[in-house]
Amino acid sequence: HFAGGPFILQQDWAPSHGSRSTLAVLEAHFPGFLDKNLWPASSPDLNPMDFSVWGMLEGKIAGKVFATVDDLKAALEVAWASIDDGYLRRTVNSVKKRLRACVKARGSNFEILL
């Protein structure tokens, strides 16, 4: 969905983000990605993938059983392909409002301000 535009891949403190295999893939495919050490632990969710998209993808595959990791990956790829571009645009466009709310809350929980 973002193939034509610039973006920066940013890591957070999820344990899987620091694994050797994850870092190897990132170094191969996303040169210049922002390492988890550049992002504070327990920081507010300001990334559209974290505050919106992952939950939506999870909802699309919830309740299904996958025999293999490859089956899960395939289901996630189908779910990703089915995302409406308008949904992604609205989600990305909401970042500015979330940033303002985060600043107003001085980095604390800001969802109540949205």
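Residues numbered from 1 in each chain as written. Predicted model: local features only at pLDDT ≥ 70, side-chain atom pairs only at ≥ 80, totals over all residues. Heavy atoms only, no water.

Per an unreviewed UniProt entry, the protein carries the name Tc1-like transposase DDE domain-containing protein and comes from Caenorhabditis japonica.

A pair can form between side chains of opposite charge whenever their charged atoms are brought close. Per the counting criterion, the structure on display carries one salt bridge. Here Glu-111 and Arg-98 are joined by a salt bridge, their closest N and O atoms 2.8 Å apart. A residue pair is termed long-range when its members are at least 10 positions apart, and Glu-111 in the segment after α5 (95-104) and Arg-98 in helix α5 qualify at 13 residues. Take Glu-111: its relative accessible area is 39%, and that puts it in the partly exposed class. (Salt bridge = Lys/Arg side-chain N within 4 Å of Asp/Glu carboxyl O. Helix = DSSP H or I, 4+ residues; strand = E, 2+ residues; numbered from the N terminus. Buried < 20%, exposed > 50% of the residue type's maximum accessible area, 1.4 Å probe, protein only.)

Mapped onto the elements of the fold, Thr-91 is located in helix α4 (residues 85-93). For Thr-91, the contacting residues outside a window of four places in its chain are Pro-48, Phe-51 and Ser-52. (Contact = heavy atoms within 4.5 Å.)

A few words on the nonpolar core. Burial of nonpolar side chains together is a common tendency in soluble globular proteins. Core analysis: the largest hydrophobic core is formed by nine residues, namely Val-53, Met-56, Leu-57, Ile-61, Ala-75, Ala-79, Ile-83, Tyr-87 and Leu-88. Of all the secondary-structure elements, those providing two or more residues to this core are α2 (48-61), α3 (69-81) and α4. With four residues, α2 is the single largest residue contributor to this core. Excluding residues within four positions of it along the chain, Leu-57 makes contact with Leu-76, Ala-79, Trp-80 and Ile-83. Core analysis: the next-biggest nonpolar cluster, separate from the first, contains five residues, Leu-46, Ala-101, Cys-102 and Phe-110 among them. (Core = buried A, V, L, I, M, F, W, Y, C linked by side-chain atoms within 4.5 Å.)

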